[in-house]
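Residue-level structure breakdown
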Amino acid sequence: MIKNTNKLSFLLKWEWMLVALLILINIMNASLSPYYLEYNNMMSAIMAFLDRSFMVLPMAIIIIMGDIDISVASTVALSSVMMGVSVQNGVPMTVAILICMATATLCGFINGLIVTKFKELSAAIVTISTMILYRGIAYIILEDQAASGFPLWFSILGWGDIGTIPLILIVFIAFSVIFWLILHKTTAGRQILAIGQNNTASIYSGINVDKMRLFAFTAAGFMAGITALFLTSKMASTRPNIAIGYELEVIAMVVLGGVSTSGGKGKIHSVILAIFVIGLLKYGLGIINIHSQIVTIIIGLLLIFSTLLPSIGQRVMSKLKIIRQMNL
Amino acid sequence: MSDIILELKNITKIFPGTKALDNVSFQLKRGEIHALMGENGAGKSTFIKVITGVHRPEQGEMFLGCSKVTLQGPKDAQKYGIAAIYQHVTCYPDLNVAENIFIGHEIRHKLGRLNWKEMYRISDELLQSLGINFNSRTQMGTLSVAQQQIVEIAKALSMKAKIIIMDEPTAALTKRESEELYRVTEQLRDNEGASIIFISHRFEDMYRLASRVTVFRDSQYIGNWELDKVSKDDLIKAMVGREVSSLYPKAKTDIGESVLELENLTRTGYFSGISFSVRKGEILGLTGLVGAGRTEVCESLFGIHKADSGKIIFAGNEVTIENPRTAMDLGIGYLPEDRQLQGLILDWGIDKNITLPNLDQFSNGVWLNDQKELEIAEDMFKKVLIKAQSVQATASSLSGGNQQKVVVAKLLTTDLKVIILDEPTKGVDVGAKYAIHKIMSDLASRGYAVLMVSSEMPEVLGMCDRIIVMKEGKISDTMDIADATQEKILEAAMVKSVKDRQ
Amino acid sequence: MEKLLKKKNNIQLDQFRELGLLLFIIIISIMVQIRNPSFLTGENINDLLKNTAILSILSVGMMLVLVTRGIDLSIAANMAFSGMLASIIVRDFPQIHPVLIMLIGISAGTLSGFINGLLISKGKILPIIATLGMMYVLRGSTFLISKGQWVSAYQFTDGFKKMATGTNWGINNLILIAVAVYALAYYFINHTRTGRRIYATGSNPDSAKISGINTDRMVILVYSIMGMLSGLTGVLWMARFASAQSDSAMGYEMNVIAACVLGGVSMSGGSGKVGGILLGSLLFGILNNTLPLINVSPFWQNAIQGAVILLAVIANVLAKRGMTKRNLNRRDR
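What comes next is a walk through the structure. Predicted, not measured: the structure shown is a model, and the values here were computed from it.

Conventions used here
Residues numbered from 1 in each chain as written. Chains lettered and ligands numbered in written order. Predicted model: local features only at pLDDT ≥ 70, side-chain atom pairs only at ≥ 80, totals over all residues. Heavy atoms only, no water. Contact = heavy atoms within 4.5 Å. Buried area = accessible area lost by both parts, 1.4 Å probe. Salt bridge = Lys/Arg side-chain N within 4 Å of Asp/Glu carboxyl O. Polar contact = N/O pair within 3.5 Å; in protein donor to acceptor, adjacent residues only side chain to side chain. Helix = DSSP H or I, 4+ residues; strand = E, 2+ residues; numbered from the N terminus. Nonpolar A, V, L, I, M, F, W, Y, C, P; charged D, E, K, R; others polar. Core = buried A, V, L, I, M, F, W, Y, C linked by side-chain atoms within 4.5 Å. Buried < 20%, exposed > 50% of the residue type's maximum accessible area, 1.4 Å probe, protein only. Domains from an automatic or database assignment. Pairing = 2+ DSSP bridges. Phe/Tyr/Trp six-rings, centres within 6.5 Å; stacked < 30°, edge-to-face > 60°. Lys NZ or Arg CZ within 6 Å of the ring centre and 35° of its normal. Axes fitted to C-alpha atoms, helices over the stretch in contact; angles between N-to-C directions. Parallel < 35°, antiparallel > 145°, perpendicular 65-115°, else oblique. Left-handed = near helix turned anticlockwise from the far one by under 90°.

1. Thoughts on the interface of chain A and chain B
In this complex, chain A contributes 29 residues to the contact, which on the side of chain B involves 44 residues. Taken together, the two surfaces of chain A and chain B that pack against each other cover about 2900 Å², and 60% of this comes from carbon and sulfur. Applying the counting criterion to the chain A and chain B interface returns two salt bridges. Remark: the boundary between chain A and chain B carries nine residue pairs in polar contact (both at pLDDT 80 or more). Those elements that provide at least two residues to the side of chain A that touches chain B are helix 1 (2-32), helix 8 (167-185), helix 9 (187-197), helix 10 (199-204) and helix 14 (292-327) of chain A. Sort the elements by how many residues they give to the side of chain A that touches chain B and helix 9 of chain A lands first, with six residues.

2. What about the interface of chain A and chain C?
Across the contact, 45 residues belong to chain A and 42 residues belong to chain C. Viewed at the interface, chain C and chain A are joined by one salt bridge. For R321 of chain C, the salt bridge identified is with E120 of chain A, shortest N-O distance 2.8 Å. Listing elements by their share of the side of chain A that touches chain C, those giving two or more residues are helix 5 (93-117), helix 6 (123-142), helix 12 (246-256) and helix 14 of chain A. Grouping the amino acids of the side of chain A that touches chain C by side-chain chemistry returns 26 nonpolar, 12 polar and seven charged.

3. Quick look at the nonpolar core
One finds M83 and I251 of chain A together with M63, F160 and Y252 of chain C to be the most contacted residues of the largest nonpolar core, which totals 220 residues. Summarising the domain contributions, this core has at least three residues from each of domain 1 (4-240) and domain 3 (340-415) of chain B. Setting aside its immediate chain neighbours within four residues, M63 of chain C contacts I189, Y199, C260, V265, G272, K273, V274 and I277 of chain C. Counting residues in each nonpolar core, the second largest holds 49 residues, with A35, I132, V184 and F198 of chain B among its members.

4. Here we look at unusual backbone geometry
All names here are of chain B. Look at K160: it is not a glycine, yet its phi comes out positive at around 55°. The residue K160 is located in the loop between helix 5 (145-158) and strand 7 (163-167) in this model. A positive phi is found at E423, a non-glycine position, where the angle reads about 45°. Here E423 is to be found in the loop between strand 17 (418-422) and helix 16 (430-445).

5. Section: the environment of A80 of chain C
Residues and elements named next belong to chain C. Its location among the elements puts A80 in helix 3 (residues 75-92). Remark: the alpha-carbon pair of A80 and R139, spanning 59 residues in sequence, is separated by 7.3 Å. Leaving out residues up to four positions away in the same chain, A80 has contacts with R139, T142, M238, S246 and S248.

6. Considerations on the pairing of strand 7 of chain B
All names here are of chain B. Burial analysis of strand 7 places five of its five residues in the buried class, which makes it a mostly covered element. In this structure, strand 6 (residues 82-85) lies alongside strand 7, joined through four bridges in parallel fashion. Paired with I85 across the bridge in strand 7 is M166. Pairing geometry for strand 7 and strand 8 (residues 195-199), over five bridges, is parallel. Looking across to strand 8, one finds that I163 is bridged to S195.

7. Here we look at the environment of R56 of chain B
Residues and elements named next belong to chain B. Looking at where R56 falls in the secondary structure, it is placed in the loop between helix 1 (44-51) and strand 4 (59-64). Distance in space between the C-alpha atoms of R56 and K13 is 7.5 Å, their sequence separation being 43 residues. When near neighbours in sequence (up to four residues on either side) are disregarded, R56 contacts K13, L71 and Q72. At a separation of 3.1 Å, a polar atom in the side chain of R56 contacts the main-chain carbonyl oxygen of Q72.

8. Some remarks on the side chain of H437 of chain B
Residues and elements named next belong to chain B. Relative to the assigned elements, H437 resides in helix 16. Its relative accessible area of 0% is what places H437 among the buried residues. In this structure, H437 is in contact with L247, Y248, P249, T425, E459 and M463, ignoring residues within four places of it in sequence.

9. Things to note about helix 12 of chain A
Residues and elements named next belong to chain A. Across the 11 residues of helix 12, 11 count as buried, placing the element largely inside the fold. The set of residues buried in helix 12 consists of Y246, E247, L248, E249, V250, I251, A252, M253, V254, V255 and L256. The first or second residue beyond helix 12 is G258, which carries a positive phi of 85°.

10. Topic: the packing of aromatic side chains
Per the counting criterion, the structure on display carries 15 aromatic pairs over all chains. Between the aromatic rings of F150 of chain A and F154 of chain A, the centroid separation amounts to 5.2 Å while the plane-to-plane angle is 40°, which identifies the pairing as tilted. For F150 of chain A, a relative accessible area of 13% puts it in the buried group. Judged by its relative accessible area of 2%, F154 of chain A falls in the buried class. Their ring planes at 50° and their centres at 5.5 Å tell us that F302 of chain B and Y334 of chain B sit as a pair that is tilted. On the criterion of sequence distance, the pair formed by F302 of chain B in the loop between helix 9 (294-301) and strand 14 (309-314) and Y334 of chain B in strand 16 (residues 332-335) is long-range, its members being 32 residues apart. By the ring-pair criterion, three or more aromatic residues cluster together here, those being F49, F54, F172, F175, F222, F230 and F276 of chain A. The ring centre of W348 of chain B lies 4.7 Å from the NZ or CZ of K352 of chain B, which sits over that ring. Looking at R196 of chain C, its charged tip hangs above the ring of Y199 of chain C, at a distance of 4.9 Å from the centre.

11. Examining the sheet that holds strand 6 of chain B
All names here are of chain B. Taken in spatial order, the six strands line up as 6-7-8-3-9-10 in an open sheet, and their pairing is mixed. Of all the strands in the sheet, the pair left with one neighbour each is strand 6 and strand 10 (220-226). Direction aside, the axes of adjacent strands within the sheet are offset by 20° on average. Where strand 9 (residues 212-217) meets strand 10, six bridges bridge the pair, whose relative direction is antiparallel. Bridging from a neighbouring strand, F216 pairs with Y221 of strand 10.

12. What about the pairing of strand 16 of chain B?
Residue and element names in this part refer to chain B. Residues I332 and Y334 point to one face of strand 16 and G333 and L335 to the other, with burial holding for every one of them. Where strand 16 and strand 17 come together, four bridges link them in parallel fashion. Of the residues in strand 17, the one forming a bridge with I332 is V418.

13. Description of the environment of I64 of chain A
Inspection of the secondary structure puts I64 of chain A in helix 3 (residues 56-64). Here the alpha-carbon distance between I64 of chain A and V254 of chain A, two residues 190 residues apart in the chain, equals 9.6 Å.

14. Describing the sheet that holds strand 12 (residues 271-279) of chain B
All names here are of chain B. Taken together, the four strands give an open sheet; going across it, the order is 12-11-14-15, and neighbouring strands pair in antiparallel fashion. Strand pairing shows two members of the sheet lacking a second neighbour, strand 12 and strand 15 (317-319), which therefore form its edges. Averaged over all adjacent pairs, the angle separating strand axes in this sheet is 20°, with direction ignored. Lying over the sheet, helix 9 contacts strand 11 (258-267), strand 12 and strand 14, oriented at roughly 115° with respect to strand 11.

15. Observations concerning the packing of helix 2 (residues 42-67) of chain C against helix 8 (residues 193-203) of chain C
All names here are of chain C. Where helix 2 contacts helix 8, the axes come no closer than 8 Å and their chain directions differ by 45°. If you check the angle between helix 2 and helix 8, you find them oblique. Contact with helix 2, carried on its side by M63, L64 and V67, involves I198, Y199 and G202 of helix 8 and no other residues of that element. Residues that form the contact of helix 2 with helix 8 fall into these classes: five nonpolar, one polar and no charged.

16. Focus on the packing of helix 4 (residues 98-121) of chain C against helix 5 (residues 127-146) of chain C
Residue and element names in this part refer to chain C. Orientation of helix 4 relative to helix 5, taken along the N-to-C sense of each, is 145°, at an axis distance of 9 Å. Judged by the twist between their axes, the crossing of helix 4 over helix 5 is right-handed. Contacts between helix 4 and helix 5 involve S112, I115, N116, L119 and I120 from the former and P127, A130, T131, M134 and L138 from the latter. Tallied by class, residues from the contact of helix 4 with helix 5 come to seven nonpolar, three polar and no charged.

Limitation: the analysis is restricted to geometry and does not speak to function.
And the structure:
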């Protein structure tokens, strides 16, 4: 019981820490640029990082289940290239979009299939292989060329607004709500958390673990497809090296969002907070012309300290508890 | 020279949440084999780890001979000539035998290069002296558990250990392998002059080997006796804290038609030709030695590992059980052997654990319904009499017995016809044991068919209506409770190993 | 029981796997040779080995990391950082002896690896997260120290470039260095106490602690070695390509992990042989180098690599399953 409250209070603290961090970053940004808090500026700041954030949601689910998917960025590349090539060859844009989504979903499904059929293999090694493979196929298709020639209306996806709200933000909010509901309000979400906590006990409790894992990896593929749509739309062209290195950024956001890397614990709203923390931090440092490469130092340090703190905290807690017991 | 080679006084060891050892004392005489007994969770394993320096106690003193020592770590214990052979073999399966023997105290040339030749030579010698004939270059992972244990003993010898601790070494061994181990243990005492602490749950081990016995219960020291001056019943009383006769509240039931039937069920390498049936209102015991294939049969019935051939007939229809879900939907429930690993999510509350197998039942479609969930969990919480602060207390904060009750409660939320219980009272305290037996008996009276796997002879004899004995993957005997005796069961469980020995 | 049985199969499979790998390399070589007879010429083999040297050196470190059940994602960033540091020194102080500069690069790499080890052993952070964090920090730091500028070919001294491009006894330095690293690694792993203790730590961490092995120290050591080799190869990389950029060797960590996996190093720790990773790196090198020779577009390279790794690990699983099945059938039940 004591243990329980300690852990809960800690998780609570984590969310609040992210909120505090977010406020701090906003204050910093606002003081750096007088225009920062203007509505339009805010929206363009948000639009700058939301495209890759779609992948953070399923990645949170996958990491909570104790797996990992390193191939998501390659899936973005392959599905985007497939779409680009289709359009170049005269396929109507709407069909090309379907091709993009189908490709991405299939990539995720294949990951899930391999991971569940060959349980001896860790998800890390499987998705490292498919990471190389998927991007490799993109290179076969497009070599070092770029594909463009998308119709004008396609750019609305990345740049357009509904009313005054960017389309990408609306779609992101919609998916966030869906993933939040799935993880925190449905039986499937409960089962996902159970699998992450104790895979074996979940099997013995009649949970179809294979099905859930297959679903999670497929969802990751699907969301990579959504990312591919928005990213391609924003850039109006695509290359096989698109979204390179995004997978690690996505994983970093999930971890910073307080998802336990040993599985079984995590909250979608914390992860969303983490997306905004990193995104706005990057934007703010961009205002004062700090190169994005240097921002990575800060992200790296955040990542290390955000995992170091709980582990130190836990050790101190258990020491304290022993001392308390000694005095009983 | 003092007669006492090792003495521990007033040792207390605390883990977050539990006192694993509470003011415990212990004496080991030079050249004796000393049995250490107690139920699971009594603190024996922790105690051993204190002696070997793995755990540092919060309070207490340790004396070797006459001098007081404080161990800073396992290295220190090694230096003082203390070695342990742990319950779960602690070998390195990827390394070879000689490396396993010499890890931590390797022999080296002057410049630090490993002296493989010497290590192989000494390893071979040690193995030979223990009467074993496998090469020290053999990969550890290819050996049987019994062979690995002998290697661990050779390791203790290679360190010139004078105090050797064996933590349940016979648990996973066959009768014949156990005999081999007894021989080696006595050899250690007689030829090497070692003093040995021998932990075991088996009375036969203790009577065969030890001269004195110390009993722990609930993290406390209860007493120590010369073995020829204490009766088995007194020892049991010391271990469990009260008389055991009332442990088996088995009510008479009307046994109905057969619910689950197995025909020639086979899973290659684990069991073959298994045929039996479980009937309504019956408690059927499935017993035999560890490793006889009992758990594997149950796992096939529950869809964990599918059988290769044979039929499962449920309520008159042949069924294929693909996974635990199909088993549960049919009405087969399974209480797994390892409750912490297979039964519970330790970080979660009792309520969420109880409802896990049947989330659909408590939810509106796909949505969780917290209110309804809590109600049903509380209902179960009261039904199986779990002792905890509240229904939301984490499973990890419960005692073994109460944890087991949670796992039982998980089963009862499902609409079942057959309940399979795998070692339901392993490592639970006496009070909980009684409670679980009571539940089991009630279930049978209410018309459930119960299949219980157990290694504990009194439990099988006290609770079952019929007993099936398995041996090396096959059914060796089936008997009615009226005809069953401890001797008959043992003979059926071990008859082949006995023959081999002759 | 089942776990032990699995281990048993692993061991029988070990010998198999290396033979299989060798066979595969030979078959590929013969096929390529038939299509293009210039494959097995001295010059081409020299080229191939030269191109594989850096990968194979890094595989040694990664194998040790994987043996302790870890992973290191920061190596490529570490290479870029150490290499950039060395390159800047060469640019600004061309009079300093190249070997001294290399030592500086190696020290920088070792320090980064040491920090990884510290975070993982004492900080109890999962290896994948700790090294991911370090990857970010090192990439950013590389940019920071270089102020975003490249060090280009004309800014390097000849002496510095010679470290990677020069020859001794008619053999390229990179190859010589790789051979030396492998010889040392072989000795270290098989003939020193520490080497064996690293394997013990990975094979069964809990028992290792009980046997009095300082597992934390082993972990720190392993990541420091990995860092040291990253520093070394980082300097060599810059010298070889005569160009240092903050995104040098981007993504190279995955190649190294893949070469180890091909070489039969288990991601679950405890096993991995020097011979295995040598073959694994070699196979990787052949896949990279022979495509132009047989008129396959180099753009096929990634896909083929990915497919080969995937098939290799799956084949490995299937072989293991087959062996378990046979063993079970043999058990007289």
